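One letter stands for each residue in the lines below.
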Amino acid sequence: MSKIISQISRRIKRACAVWEITLKCNSKCIHCGSDAGKSRSDELSTKEALELVYDLYSCGYKGVALMGGEPLVRQDWYQIAKEIKKYKMKLSIVTNGLNIHDHIQKIKNLDVDCIALSLDGGKPKTHDYLRGIKGAFNKTLDAINLLKKENLPVSVITTVNRLNFNELNLIKKLLIDRKVAWQIQIAIPIGRFPKDLVISREQFYMLALFIAINLKNYTVKRLPLIGAHCMGYFSRFIPNLGLDPWIGCQAGYSVLGIQSNGNIKGCLTLSDEFIEGNIRSKSLYNILNSPRAFNYNRIFKKENLKEYCITCDVVKECKRGCLGTSYALDYYNEPYCLRAIEDQLFKFDQTPIRWKINSIISKYKNLYYNIFFK
């Protein structure tokens, strides 16, 4: 077994570590997967954080994304960020933008690779409600304008739920022709987000169509839009919505999740039962190269799957999709999967191809216009 893991480890290309540097936050988002607000009592010290940056570099990670909570409320965030750039790793900062004016000069000095802000509504009322802060919508737009004025690379993340599903076109109008990258993902019931606000499977399919249609209608220059890792793949009709072809969940492969107290996971969206170790008791290198580390992904076994996934014809390529999403929604029988939705809506083995295509186009074109243009 150890020989197999060793061979797997050598083949892994470690791309990005997503690091929650603090759980403290100045927002109260209802869809927060970390249930952020107050700092953890045992968060890493500055010394420990800087040592971890070197360990990430030594282990081959090419980039680090700092997030929280709200990363900019941690007093030493700039020291940590400078250390990341010192080792020539790519630096991303995921922020709510509420206090970005106070840090703009430091951000400029860092030569940051990406600043990502959350925009969760096309109207102030919706965004402010979801973020739990009155005036957050206008502050986010001001932050985008400031970053653009300073020629800094800006991206926007929209987390879609039942409350903002009908405002995607409004958000699009705010971003089009601004050279602002737009990532769309779905809210899942982790942290403090209630399950009854998760979009339906039909809405999920419509969301994929929304992304696909806008990718076709607009050039990357006008609207650089992507679907996140949870947005579905292997549709029979919808093209790939992400940056790269899906080759299975990358938790514990190219992606790593780090909690503010030094806990290591394959991905921060996974629950704490997936913690592989803590850097205070075991080195990052030893955690990553442990024979049992990330076995839910590194040693993929089809027989461990359930319900729909085990009978799917592309399971070896898909490997059950985004693990954080699948575990959070416990959706094995009715997965948030484009291919599964198509297979369940349409009996492909019993109908002629022309009927299949015409039915899908007419059904979802009508639904699309009803939802997004009326």
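Quantities reported herein were computed from a predicted structural model and do not represent experimental measurements.

The rules behind these values
- Residues numbered from 1 in each chain as written.
- Predicted model: local features only at pLDDT ≥ 70, side-chain atom pairs only at ≥ 80, totals over all residues.
- Heavy atoms only, no water.
- Helix = DSSP H or I, 4+ residues; strand = E, 2+ residues; numbered from the N terminus.
- Buried < 20%, exposed > 50% of the residue type's maximum accessible area, 1.4 Å probe, protein only.
- Contact = heavy atoms within 4.5 Å.
- Areas by Shrake-Rupley, 256 points an atom, 1.4 Å probe, with all protein chains shown as cover.
- Expected span 1.5 Å × (residues − 1).
- Core = buried A, V, L, I, M, F, W, Y, C linked by side-chain atoms within 4.5 Å.
- Pairing = 2+ DSSP bridges.
- Right-handed = clockwise from strand over helix to strand, strands pointing away.
- Salt bridge = Lys/Arg side-chain N within 4 Å of Asp/Glu carboxyl O.

(A) Here's a closer look at the overall build of the chain. For the chain, the count of helices and strands is 15 helices and ten strands. Relative to its full complement of 374 residues, the chain shows a buried share of 54%. Counted over contacts in the chain with a minimum sequence separation of 6, partners at least 24 positions apart contribute 71%. Put simply, the chain shows about 18000 Å² of open surface, and 51% of that area lies on carbon and sulfur atoms.

(B) Highlighting unusual backbone geometry. In this model, Gly 68 is joined to Gly 69 through a cis peptide bond whose omega is 25 degrees. Look at Asp 111: it is not a glycine, yet its phi comes out positive at around 55 degrees. We classify Asp 111 as exposed; its relative accessible area is 56%. Positive phi, close to 65 degrees, is recorded for Arg 320, a residue that is not glycine. With respect to the helices and strands, the residue Arg 320 is situated in the loop between helix H12 (315–318) and helix H13 (323–329). Look at Arg 320 and you get buried, because its relative accessible area is 10%.

(C) How the structure looks around helix H6 (residues 136–149). Counted at 1.5 Å a residue, the expected span for H6 with its 14 residues is 20 Å, and the 20 Å between its end C-alpha atoms agrees. All buried positions along H6 are accounted for by Ala 136, Phe 137, Thr 140, Ala 143, Ile 144, Leu 146 and Leu 147.

(D) How the structure looks around the nonpolar core. Ranked by size, the top nonpolar core spans 97 residues in total, and within it Trp 19, Leu 56, Trp 182 and Leu 256 carry the most contacts. For this core, the element with the highest residue contribution is helix H8 (residues 201–217), accounting for nine residues. The residues contacting Leu 56, other than those within four sequence positions of it, are Ala 17, Trp 19, Tyr 61, Val 64, Met 89, Leu 256, Ile 258 and Leu 284. Core analysis: the second largest hydrophobic core is formed by eight residues, Leu 305, Tyr 308, Cys 309 and Ala 340 among them.

(E) Representation of the pairing of strand E3 (residues 90–95) within the structure. Going residue by residue along E3, you find Leu 91, Ile 93 and Thr 95 tucked away on one face and Lys 90, Ser 92 and Val 94 left uncovered on the opposite face. In this structure, strand E2 (residues 63–67) lies alongside E3, joined through four bridges in parallel fashion. When the sheet's bridge partners are listed, Ala 65 is paired in E3 with Ser 92. On the question of chirality, the crossover connecting E2 to the parallel E3 by way of helix H3 (residues 77–86) is right-handed. Between the parallel pair E3 and strand E4 (residues 114–118), the chain is carried across by helix H4 (residues 104–110), and the sense of this crossover is right-handed.

(F) Examining the pattern of salt bridges more closely. Counted under the stated rule, the structure contains 13 salt bridges. Here Glu 48 ties to Arg 280 by a salt bridge, and the two come within 2.9 Å at their closest N and O atoms. Here the residue Glu 48 occupies a position in helix H2 (residues 46–58), and Arg 280 occupies one in the loop between strand E10 (277–278) and helix H9 (284–288), the gap between them amounting to 232 residues. Overall, Glu 48 belongs to the partly exposed group, its relative accessible area being 23%. When its relative accessible area of 40% is taken as the criterion, Arg 280 is described as partly exposed. Across the salt bridge formed by Lys 265 and Asp 272, the nearest N and O atoms sit 2.9 Å from each other. Among the residues examined, Lys 265 registers a relative accessible area of 3% and is labelled buried. For Asp 272, a relative accessible area of 49% corresponds to the partly exposed category.

(G) View of the pairing of strand E8 (residues 255–258). When strand E1 (residues 16–20) meets E8, the two strands line up parallel, connected through four bridges. Looking at the pairing, Cys 16 lines up with Val 255 of E8. Two strands pair when backbone bridges link them, and E8 and strand E9 (residues 263–265) are joined in this way by two bridges, in the antiparallel orientation. Bridged to Ile 258 within E9 is Ile 264. Connecting E8 to the next strand, E9, in antiparallel fashion are four residues, including Gly 262 with a positive phi near 95 degrees.

(H) Structural view of H3. Those residues of H3 that sit buried are Trp 77, Tyr 78, Ile 80, Ala 81, Glu 83 and Ile 84. Contact partners of the buried residues in H3: E1, H2, E2, E3 and H4. Lys 88 sits one or two positions beyond H3 and adopts a positive phi of about 60 degrees.

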